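Listed below are the residues making up each chain.
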Amino acid sequence: MNEQATGQTGQTTAPATPAPKPARGITLHDSAVEQLRRLLEERRTPEAGLRIAVRGGGCSGLAYVMEWAEKAREKDKIFEREGVRVFVDPKSYLYLLGTEIVYESTLMASGFKLNNPNVKGACGCGESFSI
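Residues numbered from 1 in each chain as written. Predicted model: local features only at pLDDT ≥ 70, side-chain atom pairs only at ≥ 80, totals over all residues. Heavy atoms only, no water.

Quick notes on the overall build of the protein chain
Of regular secondary structure, the protein chain possesses two helices and 11 strands. Of the regular secondary structure in the protein chain, the N- to C-terminal order runs β-β-β-α-β-β-β-β-α-β-β-β-β. In the protein chain, once contacts between residues fewer than 6 apart in sequence are set aside, the share between residues at least 24 apart is 49%. As presented, the protein chain carries roughly 9000 Å² of accessible surface, and 51% of it is formed by carbon and sulfur atoms. (Helix = DSSP H or I, 4+ residues; strand = E, 2+ residues; numbered from the N terminus. Contact = heavy atoms within 4.5 Å. Areas by Shrake-Rupley, 256 points an atom, 1.4 Å probe, with all protein chains shown as cover.)

Now the structure itself:
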């Protein structure tokens, strides 16, 4: 007999289904997609994308760098949603696994925010972080 488990009523139960794994890589929130699309249209470079990197520096040791890139580099990881692309180099990718990019606009400031689950600490000014 090839049954997994039998309850008191004699019915066969299926083996437990493993929980889904959390999303890997980088995700773009609706607000980030909308703002990136708007900026790319203003620049008239719809094929370009946002390059995000992690570099050493700042009070806490690491800092994000964001810049426009006309195209991906050879070993870049490319994340795309609704035609908007984000390029990440392989080394930075290790620090950014699971990150969500959000665009926020408030009375005090507006900009892209990276919700990075790997961050263990950040400096008071919010410009650098540690893992």
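Overview of the nonpolar core
Grouped together as the largest cluster of nonpolar side chains are 18 residues, with contacts concentrated most on Leu 28, Ile 52, Val 86, Val 88, Leu 96 and Ile 101. When residues of this core are traced back to their parent elements, those giving at least two are strand S3 (26-28), helix H1 (30-43), strand S4 (49-56), strand S7 (84-88) and helix H2 (90-96). (Core = buried A, V, L, I, M, F, W, Y, C linked by side-chain atoms within 4.5 Å. Buried < 20%, exposed > 50% of the residue type's maximum accessible area, 1.4 Å probe, protein only.)

Section: the sheet that holds S3
Pairing within the open sheet is mixed, and its three strands lie in the order S3-S8-S9. Every other strand in the sheet has two partners, leaving S3 and strand S9 (110-115) as the edge strands with one partner each. Averaged over all pairs of adjacent strands, the angle between strand axes in this sheet comes to 25 degrees, irrespective of strand direction. Across the sheet, H1 touches S3, strand S8 (99-105) and S9, and the angle it forms with S8 is around 70 degrees. (Pairing = 2+ DSSP bridges. Axes fitted to C-alpha atoms, helices over the stretch in contact; angles between N-to-C directions.)

Overview of the pattern of salt bridges
If you walk through the whole model with that rule in mind, you get eight salt bridges. Arg 81 serves as the salt-bridge partner of Asp 30, at 2.2 Å between the closest nitrogen and oxygen. Residue Asp 30 is located in helix H1, and its partner Arg 81 is located in strand S6 (residues 77-81); the two are separated by 51 residues in the primary sequence. Given the relative accessible area of 26%, Arg 81 is considered partly exposed. Residues joined by salt bridges that share partners form a network here, namely Asp 30, Arg 37, Arg 81 and Glu 82. (Salt bridge = Lys/Arg side-chain N within 4 Å of Asp/Glu carboxyl O.)

Comments concerning the packing of aromatic side chains
All chains considered together, the criterion is met by two aromatic pairs. Seen from their ring centres, Phe 79 and Tyr 93 are 6.0 Å apart, and the 20 degrees between their planes marks the pair as stacked. Highlighted residues: Phe 79 in strand S6 and Tyr 93 in helix H2, separated in sequence by 14 residues. Of the two residues, Phe 79 and Tyr 93, both sit in the buried class. Arranged with centres 5.1 Å apart and planes meeting at 65 degrees, the rings of Tyr 103 and Phe 112 form a pair that is edge-to-face. Residue class for Phe 112 comes out partly exposed when judged on its relative accessible area of 23%. Above the face of the Tyr 93 ring, Lys 77 is positioned so that its terminal group lies 4.9 Å from the ring centre. (Phe/Tyr/Trp six-rings, centres within 6.5 Å; stacked < 30°, edge-to-face > 60°. Lys NZ or Arg CZ within 6 Å of the ring centre and 35° of its normal.)

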